[in-house]
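Spelled out from the first residue to the last, the chains are:
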Amino acid sequence: MQFKCLDLDENGQLTPDEMKLFMRSSMSENEMPFEDVLRPNTRHDCTRGPFKLSLILGNRMETGNDNADASSSSSNSFYTFPPLPPIILPRSPSNQEEGNIPPLFDPPLQLALRNHHEIMRQSLKEQYILRISHFFDNPLGGFRINDAEFKSVITKKVCQLPSFFSAALFRKIDIKSSGIVTRDKFIRYWVDRDMLTMDTVTQMYRILKQPDHEYLSQVDFKPVLQELLETHPGLEFLKTKPNFQKRYAETVIYRIFYHINRRGNGRLSLRELKRGNLIPAMQRVDDEEDTDGVLRYFSYKQFYVIYRKFGEVDANHDFLIDQGDLLTYGDGALTSRIVARIFEQASLKFTCEVARHMNYEDFVYFLISVEDKSSEPSVEYWFKLLDLDGNGKLTPGEMRYFYEDHAKKPVSFEMILCQIIDMIAPEREEYITLRDLKRSDLSRIVFEVLSNRGKLLAFDDRVRFPLPRRRGHQHPDLIEWLRFVDKEFESMLIDAEFISSSEDEPMEDWGEPIEEMHD
């Protein structure tokens with residue numbers, strides 16, 4: 001019946017003029033021209049198929065509803081088409097002449113949407129420029145790098161970045177080092193380069209990275225951490241101790257790369273940065289007056305504990321730790337076989353250039369792995385230590401090898417093995433894989449039972465009756481680490497008060513800072 005309504009001359013044929021008449025009455029001036037609808041060489045021709053034609057004409061046509069009409073017009077009906085042919089990919093130019101490859105055209109609707117998107121995008125840019133232009137209306141016509149307004153207005157308010165990105169952002173904009181960022185320079189960098197439309201992670205990544213790199217190195221974080229140390233109220237007390245400023249900065253960097261650079265190659269990719277939790281931590285530390293309110297990366301208390309623990313192991317203060325030094329960690333808690341595996345670099349290659357020695361960066365990785373066995377990098381670290389043959393399977397024989405290194409064994413290995421299997425519930429009882437350990441909340445107990453003498457005895461009752469992690473905790477992945485830090489910090493405060501009463505420095509600096517080690 002719908003066909004008869006469109007067939008004005010009732011000749012049984014729907015001509016282009018008849019369709020054009022109806023389309024002009026139902027379409028606006030900005031919609032697709034009628035000639036484009038009938039274009040035969042588009043991949044998504046809107047005239048093919050009854051449903052697509054009905055969308056153009058404003059009616060949902062249904063074929064086969066009127067049997068009489070369908071039978072009488074089955075051969076002549078314009079909107080009854082054969083099915084679309086299958087998509088055939090063109091052969092390579094080596095198999096056919098280049099001139100025979102048909103050109104590919106975008107669908108008219110896709111072109112219209114793309115043009116509309118570009119118009120909207122340009123309009124938003126123009127509105128953005130109008131809104132920010134007045135910030136540059138000052139006698140200088142812009143900002144210098146140390147201007148407080150550039151930090152508080154341009155970096156923080158306009159770009160919505162942490163305030164300690166101010167200097168790094170300034171240098172990216174002022175590529176010719178003129179010392180001034182004008183309105184036009186800012187627009188060329190932030191608007192014309194589409195920084196405005198990027199997500200925050202990508203913005204920070206592009207500001208930090210070197211122009212010829214597609215990754216972030218440790219040195220790339222130095223400018224923002226230096227500015228953080230100079231401007232953050234919670235770190236103001238370090239201004240008179242530049243050596244400890246540098247130690248704090250390098251510790252933050254090491255922790256960032258430990259947790260986020262999962263490839264362990266020292267090159268932090270944009271994908272790794274997006275998967276990590278660094279950006280929220282940066283934004284949080286910018287808003288907090290006390291760095292200890294930020295539990296990841298930036299806490300000064302956590303830096304203090306890490307640095308002091310290194311000093312306890314490095315007895316001769318040569319900024320190097322050998323295998324004998326590490327055996328003293330935790331009052332000799334680690335077994336000799338585990339320490340030997342660490343110095344075999346089974347889990348992590350040392351950055352120390354002195355053979356058979358560990359430097360501060362290597363120690364930071366070690367300490368976090370030892371005291372925070374619940375984190376995913378730590379699980380991987382310990383699995384590689386215990387997997388003697390490196391075949392990705394932790395067998396009973398390998399576990400027995402490490403368990404037998406304990407001087408005191410509260411229970412037999414067979415009982416320990418049964419408890420381990422019950423806790424981890426591996427897919428196959430013959431061995432445990434890394435995947436099995438990552439799925440379990442109790443994998444840390446396995447590592448401690450096999451490597452740490454003190455914690456084997458302390459966790460004896462827990463191994464028999466293992467307790468799950470507290471799932472209601474705000475940061476369940478940080479429970480063990482925060483517990484360790486709090487305990488050690490309290491003990492160190494007592495020691496520091498005793499040393500302070502003797503008018504000595506609470507901490508001692510030694511070794512070379514990060515920039516000197518990398519230069």
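Given the structure is predicted, the values throughout are model-derived calculations rather than measurements.

Some details on the overall build of the protein chain
Logical step 1: Scanning the protein chain from terminus to terminus reveals 27 helices and two strands.
Logical step 2: Burial status across the protein chain gives 44% buried among its 519 residues.
Logical step 3: Summed over all atoms, the accessible surface of the protein chain reaches about 28,800 Å², with 51% contributed by carbon and sulfur.

Focus: helix α12 (residues 242-260)
Logical step 1: In this model, α12 (19 residues) spans 27 Å end to end at C-alpha, consistent with the 27 Å of a helix rising 1.5 Å per residue.
Logical step 2: When you tally the buried positions in α12, you get 15 out of 19 residues, the bulk of the element.

Notes on the packing of helix α18 (residues 360-371) against helix α19 (residues 376-386)
Logical step 1: Packing of α18 against α19 leaves a shortest axis separation of 9 Å and a crossing angle of 95 degrees. Overall, the two elements α18 and α19 adopt an arrangement that is roughly perpendicular. Here α18 contributes Phe366, Ile368, Ser369 and Val370 to the contact with α19, which in turn contributes Ser378, Tyr381 and Trp382.

Some remarks on the nonpolar core
Logical step 1: If you look at the biggest cluster of nonpolar residues, it comprises 117 residues, and the most contacted ones within it are Phe186, Trp190, Phe221, Phe298, Tyr329, Ile342 and Phe366.
Logical step 2: Ranked by the residues each element gives to this core, the list is headed by α12, at ten residues.
Logical step 3: Residue contacts for Phe366: discarding those within four places in its chain leaves Leu326, Tyr329, Leu334, Ile342, Met358 and Tyr381.

Quick look at the packing of aromatic side chains
Logical step 1: Summed over all chains, the structure comprises 31 aromatic pairs.
Logical step 2: Judged by centre distance (5.0 Å) and plane angle (85 degrees), the rings of Phe237 and Tyr300 are edge-to-face. Placement of Phe237 in the loop between α11 (222-231) and α12 and of Tyr300 in helix α15 (residues 300-313) is noted, with a sequence separation of 63 residues between them.
Logical step 3: By relative accessible area, Phe237 is classed as partly exposed at 45%.
Logical step 4: Ring geometry for Phe310 versus Phe363: centroids 5.2 Å apart, planes at 65 degrees, classification edge-to-face.

Section: the environment of Phe221
Logical step 1: Looking at the secondary structure, you find Phe221 in the loop between α10 (200-208) and α11.
Logical step 2: As a C-alpha pair, Phe221 and Leu208 span 13 residues in sequence and 6.9 Å in three-dimensional space.
Logical step 3: Sequence-distant contacts of Phe221, that is, excluding residues within four places in its chain, are made with Leu208, Leu216, Ile253, Ile256, Phe257, Leu268, Leu278 and Met282.

Notes on helix α7 (residues 148-158)
Logical step 1: Within the sequence span of α7, burial applies to Phe150, Val153, Ile154, Thr155 and Val158. Angularly, the buried residues of α7 cover 160 degrees about the axis, an arc narrow enough to put them on a single face. α7 presents Ala148 and Lys157 as exposed residues on the side facing more than 90 degrees away from its buried surface.
Logical step 2: Once α7 ends, the next one or two residues include Gln160, with phi positive near 55 degrees.

Thoughts on the environment of Ile416
Logical step 1: By the element assignment, Ile416 lies in helix α21 (residues 413-424).
Logical step 2: Measuring from C-alpha to C-alpha, the distance between Ile416 and Leu450 comes to 9.6 Å, with 34 residues separating the pair along the chain.

With respect to the packing of α11 against α12
Logical step 1: The contact between α11 and α12 brings their axes to 10 Å, and the two run at 130 degrees. In terms of orientation, α11 and α12 fall into the oblique class. The handedness of the crossing between α11 and α12 is right-handed. Between α11, through Leu225, Leu228 and Leu229, and α12, the contact on the second element is made entirely by Gln245, Tyr248, Ala249, Val252 and Ile253.
Logical step 2: Tallied by class, residues from the contact of α11 with α12 come to seven nonpolar, one polar and no charged.

Points about the pattern of salt bridges
Logical step 1: On inspection of all chains with the given rule, the structure shows 27 salt bridges.
Logical step 2: In this structure, the salt-bridge partner of Lys438 is Glu376, at a minimum N-O distance of 3.3 Å. With Lys438 in helix α22 (residues 434-439) and Glu376 in helix α19, this pair connects stretches of sequence that are 62 residues apart.
Logical step 3: By relative accessible area, Lys438 is classed as partly exposed at 37%.
Logical step 4: Here Glu427 ties to Arg435 by a salt bridge, and the two come within 3.6 Å at their closest N and O atoms.
Logical step 5: The exposure class of Arg435 is exposed, given its relative accessible area of 56%.

Details of the side chain of Glu371
Logical step 1: Assignment of secondary structure puts Glu371 in helix α18.
Logical step 2: A polar contact of 2.6 Å, which involves the side chain of Glu371, links it to the side chain of Tyr329.

Some points on unusual backbone geometry
Logical step 1: Located in the positive-phi region is Tyr297, a residue other than glycine, with phi close to 75 degrees.
Logical step 2: By secondary structure assignment, the location of Tyr297 is in the loop between α14 (278-287) and α15.
Logical step 3: Although it is not a glycine, Phe319 adopts a positive phi angle of roughly 65 degrees.
Logical step 4: Take Phe319: it is sitting in the loop between α15 and α16 (323-326).

Here's the deal with the environment of Ala167
Logical step 1: Its place among the elements puts Ala167 in helix α8 (residues 166-173).
Logical step 2: Owing to a relative accessible area of 13%, Ala167 belongs among the buried residues under this scheme.
Logical step 3: Sequence separation between Ala167 and Asn146 is 21 residues, and the spatial gap between their C-alpha atoms is 7.9 Å.
Logical step 4: Dropping the residues within four chain positions of it, Ala167 is found in contact with Ile145 and Glu227.

Let's talk about the confidence of the model for the protein chain
Logical step 1: Here the protein chain averages 79 in pLDDT, while 68% of its residues score no lower than 70.
Logical step 2: Within the model, the stretch residues 463-470 combines pLDDT values under 50 with 21 contacts to residues more than four positions away or in other chains.

How each quantity is defined
- Residues numbered from 1 in each chain as written.
- Predicted model: local features only at pLDDT ≥ 70, side-chain atom pairs only at ≥ 80, totals over all residues.
- Heavy atoms only, no water.
- Helix = DSSP H or I, 4+ residues; strand = E, 2+ residues; numbered from the N terminus.
- Buried < 20%, exposed > 50% of the residue type's maximum accessible area, 1.4 Å probe, protein only.
- Areas by Shrake-Rupley, 256 points an atom, 1.4 Å probe, with all protein chains shown as cover.
- Expected span 1.5 Å × (residues − 1).
- Axes fitted to C-alpha atoms, helices over the stretch in contact; angles between N-to-C directions.
- Parallel < 35°, antiparallel > 145°, perpendicular 65-115°, else oblique.
- Contact = heavy atoms within 4.5 Å.
- Core = buried A, V, L, I, M, F, W, Y, C linked by side-chain atoms within 4.5 Å.
- Phe/Tyr/Trp six-rings, centres within 6.5 Å; stacked < 30°, edge-to-face > 60°.
- Arc of directions from axis to C-beta.
- Left-handed = near helix turned anticlockwise from the far one by under 90°.
- Nonpolar A, V, L, I, M, F, W, Y, C, P; charged D, E, K, R; others polar.
- Salt bridge = Lys/Arg side-chain N within 4 Å of Asp/Glu carboxyl O.
- Polar contact = N/O pair within 3.5 Å; in protein donor to acceptor, adjacent residues only side chain to side chain.
- pLDDT = per-residue confidence, 0-100.

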